[in-house]
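Next come the chains, spelled out residue by residue.
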Amino acid sequence: MAGLLASVVKYASVSVAISVALYAALLGLLTTASFQSHVVYLHSIQMTWFKDLNVPETFGFLRNQVTPFSLRTADGERLYAWHVLPIELYRKHELELVAEPVGFVPDITSRHAFRLLRDDPDARLVIHMHGAGGTVGSGYRVPNYRALSAGQPGKIHVLTFDYRGFGRSTGIPSESGLILDAMTVLDWAMNVAGIPPSRILIFGQSMGTAVSVAVANHLALQFPPVTLAGIVLVAPFVDVPTLVSTYRVAGTIPILSPLARFPLLFNYLHRFIRDKWLTKDRIAQYVRAHEANAEKYRLTIIHAEDDYDIPWHHTPMVFWHAVNASVPAGISYEDLEMRKLESKIDLGAAGSVMEWRTDHGVIREEILKTGLHDVVMGYPIVTMAVMRSFESTDPFFTS
Ligand SMILES: *[C@@H]1O[C@H](CO)[C@@H](O)[C@H](O)[C@H]1NC(C)=O
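Reading the values: rules and limits
- Residues numbered from 1 in each chain as written.
- Predicted model: local features only at pLDDT ≥ 70, side-chain atom pairs only at ≥ 80, totals over all residues.
- Heavy atoms only, no water.
- Pairing = 2+ DSSP bridges.
- Helix = DSSP H or I, 4+ residues; strand = E, 2+ residues; numbered from the N terminus.
- Axes fitted to C-alpha atoms, helices over the stretch in contact; angles between N-to-C directions.
- Parallel < 35°, antiparallel > 145°, perpendicular 65-115°, else oblique.
- Left-handed = near helix turned anticlockwise from the far one by under 90°.
- Contact = heavy atoms within 4.5 Å.
- Nonpolar A, V, L, I, M, F, W, Y, C, P; charged D, E, K, R; others polar.
- Polar contact = N/O pair within 3.5 Å; in protein donor to acceptor, adjacent residues only side chain to side chain.
- Phe/Tyr/Trp six-rings, centres within 6.5 Å; stacked < 30°, edge-to-face > 60°.
- Buried < 20%, exposed > 50% of the residue type's maximum accessible area, 1.4 Å probe, protein only.
- Domains from an automatic or database assignment.
- Near = heavy atom within 4 Å.
- Areas by Shrake-Rupley, 256 points an atom, 1.4 Å probe, with all protein chains shown as cover.
- Salt bridge = Lys/Arg side-chain N within 4 Å of Asp/Glu carboxyl O.
- Core = buried A, V, L, I, M, F, W, Y, C linked by side-chain atoms within 4.5 Å.

Student: Could you give me a rundown of the sheet that holds strand β2 (residues 78–84), with the residues and numbers involved?
Tutor: Judged by pairing direction, the sheet is mixed, and its 10 strands sit side by side in the order β1-β2-β4-β3-β5-β6-β9-β12-β11-β10 without closing on themselves. Both outer strands of the open sheet, β1 (66–72) and β10 (345–346), are each paired with one neighbouring strand and no more. Note that β2 and strand β4 (residues 156–161) share four bridges and pair antiparallel. Each residue of the ladder has a partner; that of Val84, found in β4, is Val158.

Student: Give me the lowdown on the packing of helix α11 (residues 279–293) against helix α12 (residues 314–326), citing residues and values where you can.
Tutor: Relative to each other, α11 and α12 sit at 30°, their axes nearing to 8 Å. Classified by the angle their axes make, α11 and α12 are roughly parallel. Note that α11 runs across α12; the crossing there is right-handed. Here α11 contributes Thr279, Lys280, Ile283, Ala284, Val287, Arg288 and Glu291 to the contact with α12, which in turn contributes Val318, His321, Ala322, Asn324, Ala325 and Ser326. Of the residues in the contact of α11 with α12, the class split is six nonpolar, four polar and three charged.

Student: An account of the side chain of Arg124 is needed here, citing residue identities and associated values.
Tutor: Secondary-structure assignment places Arg124 in strand β3 (residues 124–129). Polar side-chain contacts of Arg124 include one of 3.1 Å to the side chain of Asp394. In this structure Arg124 touches Lys155, Ile156, His157, Arg199, Phe390, Asp394 and Phe397, once residues within four positions along its chain are discounted.

Student: Quick one: what's the story with the packing of aromatic side chains, residue by residue and with numbers?
Tutor: The full count for this structure, using the stated rule, is 10 aromatic pairs. Pairing Phe59 with Trp82 gives two aromatic rings, centres 5.5 Å apart and planes at 70°, and the pair type is edge-to-face. With Phe59 in the loop between α2 (33–41) and β1 and Trp82 in strand β2, this residue pair connects regions lying 23 residues apart in the sequence. Considered together, Phe59 and Trp82 belong to a single accessibility category, that of buried residues.

Student: Tell me about the domain arrangement of the chain, and name the residues and values.
Tutor: As assigned here, the chain comprises domain 1 (2–30) and domain 2 (44–257 + 277–393). A separation of 45 Å is found between the C-alpha centroids of domain 1 and domain 2.

Student: Could you give an account of the site of the ligand, naming the residues involved and the relevant values?
Tutor: In the neighbourhood of the ligand, the contacting residues comprise Arg288, Trp320, His321, Asn324, Pro328, Ala329 and Gly330. For the ligand, an oxygen atom lies 3.1 Å from a polar atom in the side chain of Arg288. Between the ligand and Asn324 there is a distance of 2.4 Å, counted from an oxygen atom to a side-chain nitrogen or oxygen. The fraction of the free accessible surface of the ligand (360 Å²) that becomes covered by protein chains is 50%. In terms of residues, the shell around the ligand owes the most to one element, α12, which gives three residues.

Student: Kindly report on the pattern of salt bridges, identifying the contributing residues and their values.
Tutor: Under the counting rule described, the total for this entry stands at 22 salt bridges. In this structure, Arg274 engages Asp275 in a salt bridge whose closest nitrogen and oxygen atoms are separated by 3.2 Å. Measuring nitrogen to oxygen at the nearest pair gives 2.9 Å for the salt bridge that ties Arg357 to Glu355. Here the salt bridges do not stand alone but share partners, grouping Arg298, Glu355, Arg357, Arg364, Glu366 and Arg388 into one network.

Student: A description of the pairing of β1 should follow, citing residues and the corresponding values.
Tutor: A large share of β1 lies buried, amounting to five of its seven residues. Sheet analysis places β1 next to β2, joined by seven bridges and oriented antiparallel. The residue bridging Val66 from the neighbouring strand is Val84, located in β2. Linkage of β1 to β2, two consecutive antiparallel strands, is achieved through a turn of five residues, within which Gly76 is found at a positive phi near 85°.

Student: Which residues make up the environment of Pro106, and what values do they have?
Tutor: As for its placement among the helices and strands, Pro106 is situated in the loop between α4 (94–99) and α5 (112–118). Sequence separation of Pro106 and Leu42 is 64 residues, and the distance between their C-alpha atoms is 28 Å.

Student: How would you explain the pairing of strand β12 (residues 361–368) if you had to name every residue and give the values?
Tutor: Most of β12 sits inside the fold, with eight of its eight residues counted as buried. Burial along β12 is two-sided: Gly361, Ile363, Glu365 and Ile367 facing one way and Val362, Arg364, Glu366 and Leu368 facing the other are all buried. When strand β9 (residues 297–304) meets β12, the two strands line up parallel, connected through eight bridges. Bridge pairing in β12 links Ala304 to Leu368. Note: strand β11 (residues 352–357) against β12, six bridges, orientation antiparallel. Looking across to β12, one finds that Val353 is bridged to Glu366.

Student: Requested: an account of the packing of α12 against helix α13 (residues 333–343), with residues and values cited.
Tutor: As a packed pair, α12 and α13 sit with axes 10 Å apart at the nearest point and diverge in direction by 100°. Put simply, α12 runs roughly perpendicular to α13. Facing Pro316, Met317, Phe319, Trp320 and Val323 of α12, the residues of α13 in contact are Tyr333, Leu336 and Lys340.

Student: Can you lay out the nonpolar core for me, pointing to particular residues and giving the numbers?
Tutor: Core analysis: the largest hydrophobic core is formed by 68 residues, its most contacted members being Ile127, Met129, Leu186, Trp188, Val215, Trp277 and Ile363. Residues Leu53, Val136, Ala235 and Ile381 belong to the second largest nonpolar core, which totals 33 residues.

Have a look at this one:
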């Protein structure tokens, strides 16, 4: 018996040692830039392997409802993009659209769909920044495009693209690269499609929220500042260091959170994080710029409580950083929570809404009870956020 016990103990300690060694090896691997980029961006995971993005009909679109095309970045990458027509506009022009050839379009300006966007002084454009992994056609992104234009299906176009290194786009992802990609798309929207920023809205989900905030902030800091109709963020995160300490792979396996108990080691590893995506600082800078320029802004932040990928409590933190920046003397997290007790609207099973208004801006936090990390993208709450944003820049848009 004693022998058996000894060998069980020995076996157990060997397997503990192996687990610790494997974990240490994983952490070591995580400090390398290329492994990190695969973990952060998941760009090798396409999820649409068996479908051709150049045949959008197989993703549930009507013939030529989507125009696949590409854009060039200043540093020579080629970004793959889809221009998605809203349904009522499609219906009105169905005959002309159906008559055009299908597939990838080398010159989008030659297409009817493009002219419907460029030549309508009332058209609106949502620029879509997707999350990590996949392509423009993956998962809940397609229902998301429908939700974005559902409020005015004769007017709201969607432009969605794959960042460098994703899907059919060239290159490898990095923070500065993705920001340049998003700037390239905005530049195309304003200068090729000719849509003024007041008719453009940015929608981002998950990792795309970080890109959205970075780009909106970049535009706000230009001279003269460029102000968009709004930003809608679904499932944002404070920054990558905070995210990795709470993130769980597939909702269950924590990567760095076991180390949070060892602050020295934890902080040491944080130094190796290459792309930090400091949304909390950028959103504060964005709000400060708009307040200082007395420019209107509208920020909507949406998160579901059952989001297992990015815990929903990232949203009250992001919200706080934005609100704090709108108050000259600042406001503490606790004081803002106290204000929520007075003014937060409880919608029961639909969750809650907290709206913060200043003379220039509206910052809105919507916490849903359900919606997971990505299913929420197709929900009417997204349609409402888009419509509120466009209405705030032009009250006639919704009348
Ligand atoms: C909150 O805003 C105040 C005033 O602008 C600023 O001094 C402070 O650093 C901000 N707090 C955070 C956490 O950013």
